[in-house]
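# Descriptive analysis of the structure
Residues per chain, in single letters:
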Amino acid sequence: MLVLGIETSCDETGVALYDSEHGLLGQELYSQIALHADYGGVVPELASRDHVRKLVPLVRQLMHACSVDKADAVAYTCGPGLAGALMVGAMTGRALAMAWGVPALGVHHMEGHLLAPLMSAQAPQFPFLALLVSGGHTQLLRVDALGQYTLLGESVDDAVGEAFDKVAKMLGLDYPGGPAVARCALQGNPERFDFPQPMLDRPGLDFSFSGLKTAVRIAITQTQDYPDKAADICAAFERAAVDVLVAKCGRAVLMTGLRRLVVAGGVSANLKLRASLGEMAGTEVWYAPVELCTDNGAMIAYAGCQRLLRGEHHGLALELFPRWPLTALRGGVV
Ligand code: KG4
Ligand code: ZN
């Protein structure tokens, strides 16, 4: 089954063709980073308008590049995300499916992230643990099958990606903040600042990143300036955030006895996180390739394909879910 995937939930217009037999045929991605950079964050209305401008030409470009004039089904992100931005992808996907006379399916954006690492040839067997780390989510899940997700812990305040973004903003670094902080941290000494590792002293698998963010703010305003100060702060912040994520994953392994871990979402592109998780003895860890960690159409095409193959699809009247917990998803046929 050849599936066209469409992702427009935030500031990337992503399209891809995934074939259930031959894998990923191709993908195209247009990032709106430059559009939002002056504002230090995504401006929803500008995002929607840009998806309108870019999406259809991008689909045409993809189909041309893959020498394909029709797909067997269309999968589009239907939540969570920015309502206007979601509408652009959903309407376009639904309309294409209608024109081609094929089924269409709305996909949960975080299920797309979660399943992206399974696209590889050596995909993990169920059940496994999943750490979802993006701009809006920090969650530990137990994954028993497609659609069977049990929440083990999550952030009680900021998501870890959001903390990276806010730290970058405080330091006047580029948007999006994660890659900018990681880059800056390379020149820094993580020992110069001693930031808290929130929630490590408490039992359970929840996270909190707002205290860490506040500690960074205090360090910025209350320590005397010196040439490498921003780099040292980035390095210490990154280490604290990564250490907390790794410690909670270790705890989840102990609590569940599961020794397979899938790490997904934008922050899973972070190389320090990958290096630290790599040192977790006795646990095998899976990631998507770095370019498929942040938002893209391939993960939506792949996740959609898994559900379409089970006979799931959605009707002509679209439903969008700007706020939508992953655990509300069901494994059964809709
Ligand atoms: O998954 P994603 O592309 O979008 C959401 O669904 O939110 O994640 C975006 C988040 C942003 O907060 C961004 O700063 C962060 O992922 N991010 C990173 C890195 N690359 C992206 N954070 C840390 N290190 C990175 N290399
Ligand atoms: Zn995302």
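So, a few notes on the structure that sits alongside this text. None of these values were measured; they are calculated from a predicted model.

Along the backbone of the chain there are 10 helices and 10 strands. Looking at the chain as a whole, 52% of its 334 residues qualify as buried. Within the chain, counting contacts between residues at least 6 apart in sequence, those at least 24 apart form 71% of the total. Split by element, the accessible area of the chain, about 14,500 Å² in all, is 54% carbon and sulfur. One finds the centroid of the 26 positive side-chain charges in the chain at a distance of 3 Å from the centroid of its 34 negative side-chain charges.

With that settled, the discussion passes to the side chain of Ser48. Mapped onto the elements, Ser48 comes out in helix α2 (residues 44-65). Judged by relative accessible area, Ser48 falls into the buried class, the value being 13%. With sequence-adjacent residues up to four places away left out, Ser48 is seen in contact with Gly84, Ala85 and Val88.

As a further point, take the packing of helix α5 (residues 160-170) against helix α7 (residues 210-222). Between α5 and α7, the least distance of the axes is 10 Å, while the angle of their chain directions is 10 degrees. It follows that α5 is roughly parallel to α7 by the angle criterion. Mapping the contact onto sequence places Lys166, Val167 and Met170 in α5 and Lys213, Val216, Arg217 and Ile220 in α7. Here the contact of α5 with α7 is built from residues that sort into 4 nonpolar, no polar and 3 charged.

Turning our eyes to something else, we now look at the packing of α2 against helix α3 (residues 83-100). Between α2 and α3, whose axes approach to 9 Å, the crossing angle comes to 35 degrees. As α2 runs across α3, the sense of the crossing is right-handed. Residues Ser48, His51, Val52, Leu55, Val56, Val59 and Met63 of α2 form the contact with α3, whose own contacting residues are Gly84, Ala85, Val88, Gly89, Thr92, Leu96 and Trp100. Split into classes, the residues belonging to the contact of α2 with α3 amount to 9 nonpolar, 5 polar and no charged.

Take the coordination of the zinc ion (ligand 2) next. Ligation of the zinc ion (ligand 2) by protein atoms is provided by His109 (NE2), His113 (NE2) and Asp295 (OD), these donors lying 2.0 Å from the ion. With 4 donor atoms in place around the zinc ion (ligand 2) and angles of 95 to 129 degrees between them, the coordination shape is tetrahedral. Each donor residue of the zinc ion (ligand 2) belongs to the same chain, with the gaps between them written as H-x3-H-x181-D. Taken as a pair, His113 in helix α4 (residues 109-115) and Asp295 in the loop between β10 (284-286) and α10 (297-309) lie far apart in primary sequence, 182 residues in all. Judged by its relative accessible area of 2%, His113 is buried. When its relative accessible area of 14% is taken as the criterion, Asp295 is described as buried.

What follows deals with helix α6 (residues 177-185). Residues Gly177, Gly178, Ala180, Val181, Cys184 and Ala185 constitute the buried set of α6. Tucked into the core, α6 has its buried residues touching α5 and α8 (229-256).

In the vicinity of ligand 1 lie 18 residues, with His113, Gly135, Asp165, Gly178 and Gly266 positioned nearest. In the model, a nitrogen atom of ligand 1 is placed 3.0 Å from a nitrogen or oxygen of the Asn270 side chain. In isolation ligand 1 exposes 550 Å². Once the protein is present, 87% of that is buried. The set of elements that each furnish at least two residues to the shell around ligand 1 consists of α4, α5 and α6. Considered class by class, the residues forming the shell around ligand 1 number 4 nonpolar, 12 polar and 2 charged.

Below, the discussion takes up the pattern of salt bridges. For the structure on display, the rule yields 14 salt bridges. Glu162 is the partner of Lys166 in a salt bridge, and the nearest nitrogen-oxygen pair spans 3.1 Å. Of this pair, Lys166 and Glu162 both sit in helix α5, 4 residues apart, which is roughly one turn of that helix. Judged by relative accessible area, which is 25%, Glu162 ranks as partly exposed.

Next up on the list: the sheet that holds strand β7 (residues 138-145). An order of β8-β7-β6-β9-β10 is seen for the 5 strands of this open sheet, with the pairing classed as mixed. Each having just a single partner strand, β8 (148-154) and β10 make up the two edges of the open sheet. With direction set aside, neighbouring strand axes in the sheet form an average angle of 25 degrees.

Okay, α10 next. Side chains that are three or four residues apart share a direction in an α-helix, a result of its 3.6 residues per turn. For α10, with 13 residues, the first-to-last C-alpha span of 18 Å sits near the 18 Å given by 1.5 Å per residue. Counting buried positions along α10 gives 11 out of 13 residues, so the element sits mostly inside the fold. All of the buried residues along α10 are Gly297, Ala298, Met299, Ile300, Ala301, Tyr302, Ala303, Gly304, Cys305, Arg307 and Leu308. Looking at the buried positions of α10, the neighbouring elements they touch are β1 (2-7), β2 (12-19), β3 (23-31), β4 (73-79), β5 (104-108) and α4. The N-cap of α10, judged by a side-chain oxygen 3.0 Å from the amide nitrogen of Ala298 a few residues on, is Asn296.

The rules behind each value
- Residues numbered from 1 in each chain as written.
- Chains lettered and ligands numbered in written order.
- Predicted model: local features only at pLDDT ≥ 70, side-chain atom pairs only at ≥ 80, totals over all residues.
- Heavy atoms only, no water.
- Helix = DSSP H or I, 4+ residues; strand = E, 2+ residues; numbered from the N terminus.
- Buried < 20%, exposed > 50% of the residue type's maximum accessible area, 1.4 Å probe, protein only.
- Contact = heavy atoms within 4.5 Å.
- Areas by Shrake-Rupley, 256 points an atom, 1.4 Å probe, with all protein chains shown as cover.
- Lys, Arg positive; Asp, Glu negative; His and termini not counted.
- Charge placed at Lys NZ, Arg CZ, Asp CG, Glu CD.
- Axes fitted to C-alpha atoms, helices over the stretch in contact; angles between N-to-C directions.
- Parallel < 35°, antiparallel > 145°, perpendicular 65-115°, else oblique.
- Nonpolar A, V, L, I, M, F, W, Y, C, P; charged D, E, K, R; others polar.
- Left-handed = near helix turned anticlockwise from the far one by under 90°.
- Donors = N, O, S within 2.8 Å, 3.2 Å for Na, K, Ca; no water.
- Tetrahedral: all angles 85-135°; square planar, octahedral: opposite > 155°, others 65-115°.
- Near = heavy atom within 4 Å.
- Polar contact = N/O pair within 3.5 Å; in protein donor to acceptor, adjacent residues only side chain to side chain.
- Salt bridge = Lys/Arg side-chain N within 4 Å of Asp/Glu carboxyl O.
- Pairing = 2+ DSSP bridges.
- Expected span 1.5 Å × (residues − 1).

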